[in-house]
Amino acid sequence: MEKQDIKSLFLEELEEQLAALNQPKFRAKQIFSWLHEKQVTSFEDMTNLPAALRQSLKQQYYIAAAQIARRLQSQLDGTVKYLFRFNDGNCVEAVLMKYKYGNSLCISTQVGCRMGCKFCASTLGGLVRSLTASEMLEEIYAATRDSGQRVSNVVLMGIGEPLDNYDNVLRFLKLLSMPGGYQLSLRHLSLSTCGVVDKIYQLAQEDLGLTLSISLHAPNNEIRSQTMPVNQRWNVEELVEACRAYFAKTGRRISFEYALIEGVNDEPCHARELAQRLRGMPAHVNLIPVNPVKERGFTRGPRKKIEAFQAQLEKLGVNATIRRELGADINAACGQLRREQAQEEERRC
(Lines give C-alpha, C1' and ligand atoms only; values in the text may rest on other atoms or scores of the structure.)
Protein backbone atom coordinates (compact mmCIF):
# COMPACT_ATOMS: atom_id res chain seq x y z
CA MET A 1 0.00 0.00 0.00
CA GLU A 2 1.34 3.41 -0.96
CA LYS A 3 1.78 5.69 2.02
CA GLN A 4 -0.11 8.98 2.16
CA ASP A 5 1.40 12.43 2.65
CA ILE A 6 0.10 13.34 6.10
CA LYS A 7 1.56 16.86 6.23
CA SER A 8 -0.51 17.93 3.21
CA LEU A 9 -3.80 17.08 4.92
CA PHE A 10 -6.11 19.77 6.30
CA LEU A 11 -7.15 19.29 9.92
CA GLU A 12 -10.67 18.31 8.85
CA GLU A 13 -9.29 15.66 6.50
CA LEU A 14 -7.04 14.32 9.25
CA GLU A 15 -10.02 14.13 11.61
CA GLU A 16 -11.99 12.10 9.07
CA GLN A 17 -9.15 9.67 8.46
CA LEU A 18 -8.46 9.16 12.16
CA ALA A 19 -12.15 8.55 12.79
CA ALA A 20 -11.88 5.66 10.33
CA LEU A 21 -9.11 4.32 12.60
CA ASN A 22 -11.48 4.60 15.60
CA GLN A 23 -9.43 7.39 17.10
CA PRO A 24 -10.97 10.31 19.04
CA LYS A 25 -11.19 13.68 17.30
CA PHE A 26 -8.65 15.36 19.57
CA ARG A 27 -5.90 13.08 18.26
CA ALA A 28 -6.06 14.86 14.91
CA LYS A 29 -5.36 18.21 16.58
CA GLN A 30 -2.43 16.69 18.45
CA ILE A 31 -0.92 15.30 15.24
CA PHE A 32 -1.57 18.54 13.35
CA SER A 33 0.24 20.46 16.08
CA TRP A 34 3.21 18.09 16.00
CA LEU A 35 3.49 18.51 12.23
CA HIS A 36 2.97 22.26 11.89
CA GLU A 37 3.72 23.89 15.24
CA LYS A 38 6.49 21.66 16.56
CA GLN A 39 7.51 20.65 13.00
CA VAL A 40 8.68 17.12 13.82
CA THR A 41 9.82 14.84 11.03
CA SER A 42 9.20 11.48 12.76
CA PHE A 43 6.10 9.86 14.23
CA GLU A 44 8.29 8.64 17.10
CA ASP A 45 8.65 12.26 18.23
CA MET A 46 4.88 12.55 18.81
CA THR A 47 5.30 11.52 22.41
CA ASN A 48 1.75 12.21 23.63
CA LEU A 49 0.31 9.64 21.19
CA PRO A 50 -0.10 5.97 22.16
CA ALA A 51 2.67 3.76 20.82
CA ALA A 52 0.15 1.67 18.87
CA LEU A 53 -1.20 4.76 17.12
CA ARG A 54 2.30 5.94 16.24
CA GLN A 55 3.03 2.56 14.70
CA SER A 56 -0.24 2.63 12.75
CA LEU A 57 0.52 6.13 11.43
CA LYS A 58 4.00 5.02 10.37
CA GLN A 59 2.52 2.16 8.36
CA GLN A 60 -0.04 4.32 6.52
CA TYR A 61 1.57 7.76 6.20
CA TYR A 62 4.88 9.47 5.61
CA ILE A 63 6.13 12.86 6.81
CA ALA A 64 7.69 14.96 4.06
CA ALA A 65 11.09 16.29 5.10
CA ALA A 66 13.65 18.61 3.56
CA GLN A 67 17.28 17.76 4.24
CA ILE A 68 19.88 20.52 3.88
CA ALA A 69 22.11 19.34 1.03
CA ARG A 70 24.10 22.58 0.94
CA ARG A 71 24.05 25.75 3.03
CA LEU A 72 25.80 28.97 2.09
CA GLN A 73 25.83 32.04 4.33
CA SER A 74 26.78 35.49 3.13
CA GLN A 75 29.62 37.19 4.96
CA LEU A 76 28.20 40.53 3.78
CA ASP A 77 24.68 40.52 5.21
CA GLY A 78 23.95 37.13 6.79
CA THR A 79 21.70 35.92 3.96
CA VAL A 80 21.49 32.11 3.91
CA LYS A 81 20.98 30.10 0.74
CA TYR A 82 19.74 26.54 1.13
CA LEU A 83 19.74 23.64 -1.25
CA PHE A 84 17.05 21.31 0.11
CA ARG A 85 16.84 17.64 -0.85
CA PHE A 86 13.49 15.85 -0.64
CA ASN A 87 12.65 12.17 -0.09
CA ASP A 88 12.98 11.30 -3.80
CA GLY A 89 16.41 12.94 -4.13
CA ASN A 90 15.24 16.03 -6.01
CA CYS A 91 16.59 19.40 -4.88
CA VAL A 92 15.26 22.96 -4.74
CA GLU A 93 16.58 26.25 -3.40
CA ALA A 94 15.37 28.67 -0.76
CA VAL A 95 16.90 31.92 0.46
CA LEU A 96 16.56 33.30 3.99
CA MET A 97 16.97 37.07 4.14
CA LYS A 98 17.17 39.07 7.35
CA TYR A 99 15.53 42.47 7.60
CA LYS A 100 14.77 44.84 10.47
CA TYR A 101 11.11 43.79 10.33
CA GLY A 102 11.88 40.06 10.49
CA ASN A 103 13.07 37.08 8.46
CA SER A 104 11.88 36.64 4.88
CA LEU A 105 12.17 33.30 3.08
CA CYS A 106 12.01 32.94 -0.69
CA ILE A 107 10.87 29.40 -1.49
CA SER A 108 10.53 27.19 -4.57
CA THR A 109 7.26 25.69 -5.81
CA GLN A 110 8.58 23.25 -8.43
CA VAL A 111 11.69 21.22 -9.21
CA GLY A 112 12.80 23.09 -12.31
CA CYS A 113 10.46 25.16 -14.47
CA ARG A 114 8.89 24.82 -17.91
CA MET A 115 8.13 28.51 -18.52
CA GLY A 116 11.42 29.06 -20.36
CA CYS A 117 12.22 32.68 -19.38
CA LYS A 118 15.49 33.48 -21.14
CA PHE A 119 17.18 35.30 -18.25
CA CYS A 120 16.45 32.67 -15.58
CA ALA A 121 18.75 29.82 -14.53
CA SER A 122 15.82 27.83 -13.11
CA THR A 123 14.42 27.01 -16.55
CA LEU A 124 17.62 25.60 -18.08
CA GLY A 125 16.82 21.97 -17.25
CA GLY A 126 13.07 22.20 -17.80
CA LEU A 127 10.43 21.00 -15.35
CA VAL A 128 11.11 17.82 -13.38
CA ARG A 129 8.00 17.86 -11.18
CA SER A 130 5.85 20.09 -8.99
CA LEU A 131 6.24 20.25 -5.22
CA THR A 132 3.52 19.07 -2.88
CA ALA A 133 2.01 21.38 -0.28
CA SER A 134 3.97 19.58 2.44
CA GLU A 135 7.29 20.06 0.61
CA MET A 136 6.69 23.80 0.31
CA LEU A 137 5.83 23.94 4.00
CA GLU A 138 8.93 21.93 4.79
CA GLU A 139 11.15 24.56 3.14
CA ILE A 140 9.85 26.99 5.76
CA TYR A 141 10.03 24.52 8.61
CA ALA A 142 13.56 23.37 7.74
CA ALA A 143 14.80 26.97 7.55
CA THR A 144 13.10 27.65 10.89
CA ARG A 145 14.74 24.63 12.51
CA ASP A 146 18.14 25.57 11.14
CA SER A 147 18.03 29.26 12.04
CA GLY A 148 16.16 28.88 15.31
CA GLN A 149 14.06 31.89 14.28
CA ARG A 150 10.53 32.24 12.95
CA VAL A 151 10.04 33.12 9.30
CA SER A 152 7.75 36.15 9.30
CA ASN A 153 7.45 36.74 5.54
CA VAL A 154 7.32 34.26 2.66
CA VAL A 155 7.94 34.91 -1.02
CA LEU A 156 7.00 32.37 -3.72
CA MET A 157 9.68 33.49 -6.14
CA GLY A 158 12.21 30.67 -6.10
CA ILE A 159 12.45 27.84 -8.62
CA GLY A 160 9.23 27.17 -10.53
CA GLU A 161 6.03 28.96 -11.54
CA PRO A 162 3.56 28.92 -8.61
CA LEU A 163 0.47 29.20 -10.80
CA ASP A 164 1.65 26.23 -12.88
CA ASN A 165 1.28 24.24 -9.63
CA TYR A 166 -1.98 25.89 -8.65
CA ASP A 167 -3.75 23.21 -6.60
CA ASN A 168 -0.73 22.32 -4.48
CA VAL A 169 0.15 25.99 -3.94
CA LEU A 170 -3.42 26.79 -2.87
CA ARG A 171 -3.37 23.90 -0.38
CA PHE A 172 0.01 25.11 0.90
CA LEU A 173 -1.33 28.65 1.42
CA LYS A 174 -4.33 27.43 3.38
CA LEU A 175 -2.22 25.08 5.53
CA LEU A 176 0.35 27.82 6.21
CA SER A 177 -2.30 30.20 7.55
CA MET A 178 -4.57 27.66 9.25
CA PRO A 179 -5.22 27.96 13.03
CA GLY A 180 -3.30 25.36 14.99
CA GLY A 181 -0.46 25.32 12.46
CA TYR A 182 2.27 27.81 11.54
CA GLN A 183 -0.43 30.52 11.40
CA LEU A 184 1.30 32.94 9.05
CA SER A 185 -1.03 35.68 7.85
CA LEU A 186 -1.12 35.65 4.05
CA ARG A 187 -0.77 39.43 4.11
CA HIS A 188 2.86 38.58 4.81
CA LEU A 189 3.14 36.44 1.69
CA SER A 190 3.92 37.41 -1.89
CA LEU A 191 3.27 35.15 -4.89
CA SER A 192 5.24 35.83 -8.05
CA THR A 193 4.01 34.70 -11.46
CA CYS A 194 5.33 35.17 -14.98
CA GLY A 195 1.75 35.76 -16.12
CA VAL A 196 -0.49 32.68 -16.15
CA VAL A 197 -3.55 34.80 -16.82
CA ASP A 198 -6.35 32.28 -16.31
CA LYS A 199 -4.97 31.38 -12.89
CA ILE A 200 -4.67 35.06 -11.91
CA TYR A 201 -8.44 35.39 -12.38
CA GLN A 202 -8.95 32.18 -10.40
CA LEU A 203 -6.65 33.34 -7.60
CA ALA A 204 -8.57 36.61 -7.30
CA GLN A 205 -11.71 34.65 -6.44
CA GLU A 206 -9.93 32.96 -3.52
CA ASP A 207 -9.62 36.38 -1.79
CA LEU A 208 -6.61 35.28 0.26
CA GLY A 209 -5.15 38.71 1.00
CA LEU A 210 -1.71 37.91 -0.41
CA THR A 211 0.39 40.23 -2.55
CA LEU A 212 0.49 39.36 -6.25
CA SER A 213 3.81 40.01 -7.92
CA ILE A 214 4.01 39.97 -11.71
CA SER A 215 7.25 39.16 -13.51
CA LEU A 216 6.70 41.65 -16.32
CA HIS A 217 10.27 42.48 -17.43
CA ALA A 218 9.20 44.29 -20.61
CA PRO A 219 6.96 47.22 -21.59
CA ASN A 220 5.67 45.69 -24.84
CA ASN A 221 4.94 42.40 -26.58
CA GLU A 222 7.92 42.47 -28.91
CA ILE A 223 10.49 42.50 -26.11
CA ARG A 224 8.51 40.28 -23.75
CA SER A 225 7.98 37.57 -26.38
CA GLN A 226 11.74 37.47 -27.01
CA THR A 227 12.56 36.81 -23.38
CA MET A 228 9.39 35.18 -21.94
CA PRO A 229 7.64 32.46 -23.98
CA VAL A 230 4.50 32.77 -21.81
CA ASN A 231 3.80 36.05 -23.62
CA GLN A 232 2.98 34.07 -26.75
CA ARG A 233 0.04 32.55 -24.86
CA TRP A 234 -1.09 35.65 -22.94
CA ASN A 235 0.19 38.97 -24.22
CA VAL A 236 0.95 42.11 -22.21
CA GLU A 237 -2.50 43.60 -22.76
CA GLU A 238 -4.23 40.45 -21.47
CA LEU A 239 -1.87 40.26 -18.50
CA VAL A 240 -2.36 43.88 -17.44
CA GLU A 241 -6.13 43.52 -17.84
CA ALA A 242 -6.05 40.50 -15.49
CA CYS A 243 -4.01 42.53 -13.00
CA ARG A 244 -6.56 45.33 -13.04
CA ALA A 245 -9.29 42.76 -12.42
CA TYR A 246 -7.28 41.26 -9.55
CA PHE A 247 -6.97 44.66 -7.89
CA ALA A 248 -10.66 45.41 -8.43
CA LYS A 249 -11.60 42.13 -6.71
CA THR A 250 -9.07 42.11 -3.86
CA GLY A 251 -8.08 45.74 -3.30
CA ARG A 252 -4.46 44.59 -3.06
CA ARG A 253 -1.83 46.67 -4.84
CA ILE A 254 0.15 44.68 -7.38
CA SER A 255 3.93 44.59 -7.59
CA PHE A 256 5.60 44.35 -11.00
CA GLU A 257 9.05 42.79 -11.21
CA TYR A 258 11.22 44.27 -13.94
CA ALA A 259 14.67 42.76 -14.59
CA LEU A 260 16.79 45.39 -16.32
CA ILE A 261 18.81 43.85 -19.16
CA GLU A 262 21.49 45.96 -20.80
CA GLY A 263 20.42 47.07 -24.28
CA VAL A 264 17.16 45.09 -24.19
CA ASN A 265 14.64 46.82 -21.92
CA ASP A 266 16.53 49.49 -19.97
CA GLU A 267 16.38 52.57 -22.20
CA PRO A 268 14.46 55.80 -21.40
CA CYS A 269 11.87 54.95 -24.07
CA HIS A 270 11.15 51.68 -22.25
CA ALA A 271 10.58 53.55 -18.97
CA ARG A 272 8.11 55.88 -20.68
CA GLU A 273 6.27 52.98 -22.30
CA LEU A 274 6.12 51.08 -19.01
CA ALA A 275 4.69 54.09 -17.20
CA GLN A 276 2.02 54.48 -19.86
CA ARG A 277 1.18 50.78 -19.64
CA LEU A 278 0.57 50.97 -15.88
CA ARG A 279 -1.19 54.34 -15.85
CA GLY A 280 -4.14 54.51 -13.46
CA MET A 281 -3.26 51.25 -11.68
CA PRO A 282 -2.18 51.19 -8.00
CA ALA A 283 1.11 49.45 -8.63
CA HIS A 284 4.70 49.26 -7.52
CA VAL A 285 7.60 48.48 -9.86
CA ASN A 286 10.52 46.55 -8.40
CA LEU A 287 13.56 47.10 -10.60
CA ILE A 288 16.02 44.18 -10.59
CA PRO A 289 19.51 44.43 -12.11
CA VAL A 290 19.56 41.16 -14.06
CA ASN A 291 21.62 38.34 -12.56
CA PRO A 292 24.28 37.12 -15.00
CA VAL A 293 23.69 33.52 -16.15
CA LYS A 294 26.58 32.26 -18.27
CA GLU A 295 24.31 30.12 -20.47
CA ARG A 296 22.16 33.17 -21.32
CA GLY A 297 24.64 35.98 -21.99
CA PHE A 298 22.51 38.81 -20.56
CA THR A 299 24.27 41.59 -18.64
CA ARG A 300 23.21 44.51 -16.49
CA GLY A 301 23.83 48.16 -17.21
CA PRO A 302 25.77 50.56 -14.95
CA ARG A 303 24.21 51.65 -11.67
CA LYS A 304 23.67 55.19 -12.91
CA LYS A 305 21.57 53.92 -15.81
CA ILE A 306 19.44 51.83 -13.46
CA GLU A 307 18.91 54.80 -11.14
CA ALA A 308 17.97 56.99 -14.12
CA PHE A 309 15.35 54.41 -15.16
CA GLN A 310 13.89 54.51 -11.65
CA ALA A 311 13.89 58.32 -11.56
CA GLN A 312 12.05 58.51 -14.86
CA LEU A 313 9.33 56.13 -13.66
CA GLU A 314 8.91 58.16 -10.48
CA LYS A 315 8.69 61.38 -12.49
CA LEU A 316 5.90 59.81 -14.57
CA GLY A 317 3.93 58.89 -11.45
CA VAL A 318 4.94 55.24 -11.03
CA ASN A 319 6.21 54.12 -7.64
CA ALA A 320 9.51 52.31 -8.26
CA THR A 321 12.35 50.94 -6.19
CA ILE A 322 15.59 49.15 -6.97
CA ARG A 323 15.77 45.76 -5.29
CA ARG A 324 18.32 45.55 -2.54
CA GLU A 325 20.75 42.80 -3.51
CA LEU A 326 21.39 40.39 -0.67
CA GLY A 327 23.79 37.47 -0.62
CA ALA A 328 25.87 38.75 -3.53
CA ASP A 329 28.88 36.74 -2.39
CA ILE A 330 26.95 33.43 -2.42
CA ASN A 331 25.07 33.76 -5.75
CA ALA A 332 21.73 34.01 -3.96
CA ALA A 333 19.72 34.23 -7.19
CA CYS A 334 17.57 31.11 -7.55
CA GLY A 335 18.46 28.25 -9.88
CA GLN A 336 22.23 28.53 -9.84
CA LEU A 337 23.02 26.41 -6.79
CA ARG A 338 20.73 23.57 -7.89
CA ARG A 339 22.31 23.58 -11.34
CA GLU A 340 25.83 23.52 -9.85
CA GLN A 341 24.85 20.55 -7.68
CA ALA A 342 23.43 18.66 -10.66
CA GLN A 343 26.57 19.30 -12.71
CA GLU A 344 28.79 18.05 -9.87
CA GLU A 345 26.74 14.86 -9.58
CA GLU A 346 26.97 14.32 -13.36
CA ARG A 347 30.77 14.64 -13.21
CA ARG A 348 30.95 12.02 -10.46
CA CYS A 349 28.95 9.50 -12.47
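Since the structure is predicted, the reported quantities are computational estimates derived from the model, not experimental observations.

Conventions we followed
Residues numbered from 1 in each chain as written. Predicted model: local features only at pLDDT ≥ 70, side-chain atom pairs only at ≥ 80, totals over all residues. Heavy atoms only, no water. Helix = DSSP H or I, 4+ residues; strand = E, 2+ residues; numbered from the N terminus. Rg over C-alpha atoms; globule rule 2.2 N^0.38 Å. Buried < 20%, exposed > 50% of the residue type's maximum accessible area, 1.4 Å probe, protein only. Core = buried A, V, L, I, M, F, W, Y, C linked by side-chain atoms within 4.5 Å. Contact = heavy atoms within 4.5 Å. Salt bridge = Lys/Arg side-chain N within 4 Å of Asp/Glu carboxyl O.

The helix and strand tally for the chain stands at 11 helices and 14 strands. A compact globule built from 349 residues should have a C-alpha radius of gyration of about 20 Å, and the chain, at 21 Å, falls within 12% of that. A principal-axis box enclosing the C-alpha atoms of the chain has dimensions of 70 × 50 × 40 Å. Residues counted as buried form 54% of the 349 residues belonging to the chain.

Turning our eyes to something else, we now look at the nonpolar core. In terms of nonpolar packing, the biggest core is built from 98 residues, with Ile6, Ile140, Phe172, Phe256, Val285 and Leu313 touching the most fellow members. For Phe172, the residues in contact, after removing those within four places along its chain, are Ile107, Ala133, Met136, Leu137, Ile140, Leu156 and Leu189. In this structure, Met97, Cys106, Val155 and Leu326 belong to the second largest nonpolar core, which totals five residues.

On to the pattern of salt bridges, then. Note that side chains of opposite charge can pair when their charged atoms are close. As enumerated under the stated definition, the model contains 15 salt bridges in all. Between Glu138 and Lys7 there is a salt bridge, with its nearest N and O atoms 2.7 Å apart. Separated by 131 residues along the polypeptide, Glu138 in helix α4 (residues 133-147) and Lys7 in the loop between β1 (4-5) and α1 (11-20) bring together distant segments of the chain. Each of the two residues, Glu138 as well as Lys7, counts as buried. For Arg145, the salt bridge is made with Glu138, and the minimal N-O distance between the two is 2.3 Å. Given a relative accessible area of 37%, Arg145 falls into the partly exposed group. You can call Glu138 buried: its relative accessible area is 0%.

Another point: the environment of Leu210. You can see Leu210 is positioned in the loop between α6 (197-206) and β11 (211-215). Along the sequence, Leu210 and Asp167 sit 43 residues apart, while their C-alpha atoms lie 16 Å from each other. Sequence-distant contacts of Leu210, defined by excluding residues within four places in its chain, comprise Leu173, Leu186, Leu189, Leu191, Leu203, Tyr246 and Arg252.

This part is about the environment of Ser122. Take Ser122: it is sitting in the loop between β7 (110-112) and β8 (127-130). Overall, Ser122 belongs to the buried group, its relative accessible area being 4%. Taking the C-alpha atoms as reference points, Ser122 and Val151, separated by 29 residues in sequence, lie 24 Å from one another.

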